[in-house]
Amino acid sequence: MWNIPPLTIGLTGILFLILAYRLVRQRYPDIHPFALYHQSSIAPVRNPEQSAVYRSTLTPFTYPLISGLNIREGHSFRDGDLRDIWNFAKKGKLGFVNKKGDPILYHDYDTELTPLLHTVASRFNEYVPGIKKIGIYLPNSIENVVTSFAAAHYSMETVLLPLVCDMSEISRYLEISQPELLIFEAGVLDFTQLSLPESIQCLIIVVPSIQDHLEWKDQLDEKVGSSISVHTWEDVVSSVSHPATAVDAPEGALTGPAIIVPYTATNGKVELATFSHRNIVSAVATQLRIVPKSESFKSTDIVIPLDSLQNMYTRIMFFSALTAGTTVVFCGTTSEGLDVGALQTISPTIMIVSSKSLYHVLNYTPGPLINLRLKRAQGILTSGNLPWPILRLFPKLRLIYTHDGQLPWQRQTKSGRADDKAGSLTSAQLSLLRALLGARVVYALTNPRIAGPICQTHIYDYRNLGAVRVFGPVVPALEAVVKDTEHLKGGDRQGHLFVRGLPTAERGWTTTNIVGEWGDDGCFRELY
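Residues numbered from 1 in each chain as written. Predicted model: local features only at pLDDT ≥ 70, side-chain atom pairs only at ≥ 80, totals over all residues. Heavy atoms only, no water.

Chemist: Before we go on, may I ask you to explain the overall build of the protein chain in this structure?
Modeler: Helix and strand content of the protein chain: 14 helices and 24 strands. Expressed as a percentage of its 528 residues, the buried residues of the protein chain come to 54%. Relative to all contacts within the protein chain whose residues are 6 or more apart in sequence, the contacts with residues 24 or more apart total 67%. (Helix = DSSP H or I, 4+ residues; strand = E, 2+ residues; numbered from the N terminus. Buried < 20%, exposed > 50% of the residue type's maximum accessible area, 1.4 Å probe, protein only. Contact = heavy atoms within 4.5 Å.)

What follows is the structure, given as structure tokens:
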């Protein structure tokens, strides 16, 4: 027998256990680091005064950009439209919860929402014969969803009015968009200051309490006069109506306007971004393709949009969730904060949230023990893996979709420098969010003239690049370049960002008024 001291045996055993533990617990990165350093397909040549054209690696050059949902019909495929999105949504559920402690009220698509959709369209056509354009000024609600899809089914145009408090600004939006019918929530519009355009023939008021709807209607009748008819949502849905004819879109309806979004441009003028069915389904198909199937929207997911559906980015993500057949739940909370109590009642797996709301999580002040866990979590992220959440606010949350909600000219302070609290998130802040919530974060760059994101971070890109605003590669429905500015050269991959593709409201190259640069990894970084 070998005469081995017990201490040597013990130390050898401990070393063996440590090595065995390391081998068993070893985790490979969620994605190979090489993929994160080559996130774009770059054209081999470029034109003068601009960079080369950048594309997603999912649609490299010689491949077509994503154009639609690829719905099979016989031996061919078609891109689809908003009516197809509604049909896909029937695989899931749509719910609403008002506040903490309230149960989720679910609505069935086949027995409740689809008949309601036809009723709403029929009533609107009854109130305004031949109606073509509907203005919506509503929070995230069943009324908002049903109205917009009723318009899509019956070839009406939907005007998404931004939820702002300035009545003069809303008046400007109404004047340029010229809706014939306006639907809004009781108490949010001051008709003593609001100027209605001559195009408006009917007002629909959504009153939370059934007992008060007659009182609100009478008050509104007195303010607007007899030239405009006033009805409540209860009047609209009082009886189920069915379409007199089959709901078939006329020739050219898919390329005509479907959703119109008024916005304030750089020069202070109000402009319109007009999106067709093709623009919208291209952006939706992009979101279903760009994220791996294992991480994308699933039928088992509970999705909660916390940002306003009046925002085109949020609406595209909402449409993507519907197309995947998920359960979507609306929460009676504002987009400026997180009602943690109500959200814990829902227990979401995916959030669509504004970057401003996420500052409430970033402002969390950790204690000494949490700081140690935070450093450990940051180390796990650096190794390419997602850590367990430090804050157990939302135990089932696995994915957060957020966007740079501010326009570039709105983020400039008087000194000309970007204000971090104006809605932009840096790479370091995104890394902190992943560590605190234990969820993957997809951060998007948006523009009012483009449906959905321009660029968005890779779902497995956990890198902490410091205090820079990194938005990832361009999405696979678009291609992008940067062009010379007064101080920047496109040949150096710096300048004004221009994009083209189906999700854009205009044909050809569209300027975004965003100044940035392409990194060596193919990701777009905003400069100022």
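Chemist: Help me out: how do you make sense of the packing of helix H3 (residues 82-89) against helix H10 (residues 312-323) in this one?
Modeler: Helix-helix packing: each pair is described by the crossing angle between the helix axes and the interaxial distance. Direction vectors running N to C along H3 and H10 enclose 50°, while the axes themselves pass 7 Å from each other. The orientation of H3 relative to H10 falls into the category oblique. Only Phe-319, Leu-322 and Thr-323 of H10 make contact with H3, whose side of the interface consists of Leu-82, Ile-85, Phe-88 and Ala-89. When the residues that make up the contact of H3 with H10 are grouped by side-chain class, the tally is six nonpolar, one polar and no charged. (Axes fitted to C-alpha atoms, helices over the stretch in contact; angles between N-to-C directions. Parallel < 35°, antiparallel > 145°, perpendicular 65-115°, else oblique. Nonpolar A, V, L, I, M, F, W, Y, C, P; charged D, E, K, R; others polar.)

Chemist: Would you explain the nonpolar core in this entry?
Modeler: Across soluble globular proteins, nonpolar side chains show a tendency to be buried alongside one another. In this structure, Ile-280, Phe-319 and Tyr-401 are the most contacted members of the largest nonpolar core, which totals 127 residues. When sequence neighbours within four positions are dropped, the list of residues in contact with Ile-280 reads Leu-82, Ala-258, Ile-259, Phe-275, Met-312, Ile-316 and Phe-319. Counting 23 residues, the second-largest nonpolar core is a separate cluster that includes Leu-182, Phe-184, Ile-200 and Val-224. (Core = buried A, V, L, I, M, F, W, Y, C linked by side-chain atoms within 4.5 Å.)

Chemist: What is the right way to look at empty space enclosed by the protein in this model?
Modeler: Over the atoms rolls a probe the size of a water molecule, and in doing so it shows where empty space is left. Within the structure shown, the criterion is met by two cavities of 30 Å³ or more. Considered as a void within the structure, the largest cavity measures approximately 80 Å³ in volume. As for the largest cavity, its lining consists of Ser-427, Leu-430, Arg-434, Thr-457, Asp-461, Arg-463, Leu-465 and Val-470. At three residues, helix H14 (residues 427-437) tops the list of elements feeding residues into the lining of the largest cavity. Residues of the lining of the largest cavity, tallied by class, amount to three nonpolar, two polar and three charged. By volume, the second largest cavity is sized at about 60 Å³. Every residue along the wall of the second largest cavity is listed here: Leu-82, Ser-148, Phe-149, Ala-152, Met-156, Thr-158, Ala-258, Ile-259 and Phe-319. (1 Å grid on protein atoms, 1.4 Å probe; cavity = no way out; pocket = protein on both sides within 12 Å on 5 of 7 lines; lining within 4 Å. Points joined across faces, edges and corners; volume = space filled by probe spheres on them.)

Chemist: Sorry if this is basic, but what is going on with the environment of Ile-183 here?
Modeler: Inspection of the secondary structure assignment puts Ile-183 in strand E9 (residues 181-185). Note: C-alpha distance between Ile-183 and Ile-205 (22 residues apart in sequence) is 5.8 Å. Here Ile-183 is in contact with Gly-135, Ile-136, Tyr-137, Leu-138, Thr-147, Ile-204, Val-206 and Trp-233, once residues within four sequence places are set aside.

Chemist: Is there a simple way to think about the side chain of His-403 in this case?
Modeler: Relative to the assigned elements, His-403 resides in strand E17 (residues 399-403). Overall, the relative accessible area of 2% leaves His-403 in the buried class. A distance of 2.8 Å separates a polar atom in the side chain of His-403 from a polar atom in the side chain of Asp-307. (Polar contact = N/O pair within 3.5 Å; in protein donor to acceptor, adjacent residues only side chain to side chain.)

Chemist: Just to check I follow, could you spell out the sheet that holds strand E8 (residues 157-160) for this structure?
Modeler: Across the sheet, seven strands lie side by side as E11-E10-E9-E7-E8-E12-E13; this open sheet has mixed pairing. Where the open sheet ends on each side, the last strands, each with one partner, are strand E11 (229-232) and strand E13 (270-276). Strand-to-strand twist across the sheet, computed as the mean angle between neighbouring axes with direction ignored, equals 20°. In terms of strand pairing, E8 meets strand E12 (residues 257-264) through two bridges, oriented parallel. (Pairing = 2+ DSSP bridges.)

Chemist: Honestly, the packing of helix H5 (residues 142-153) against H10 in this entry has me stumped. Any pointers?
Modeler: Contact geometry of H5 with H10 gives a least axis separation of 14 Å together with a crossing angle of 85°. By the angle between their directions, the pair H5 and H10 is classed as roughly perpendicular. Judged by residue contacts, Asn-144, Val-145, Ser-148 and Phe-149 of H5 engage Arg-315, Phe-318, Phe-319 and Leu-322 from H10. Each residue belonging to the contact of H5 with H10 can be placed in one class, and the counts come to five nonpolar, two polar and one charged.

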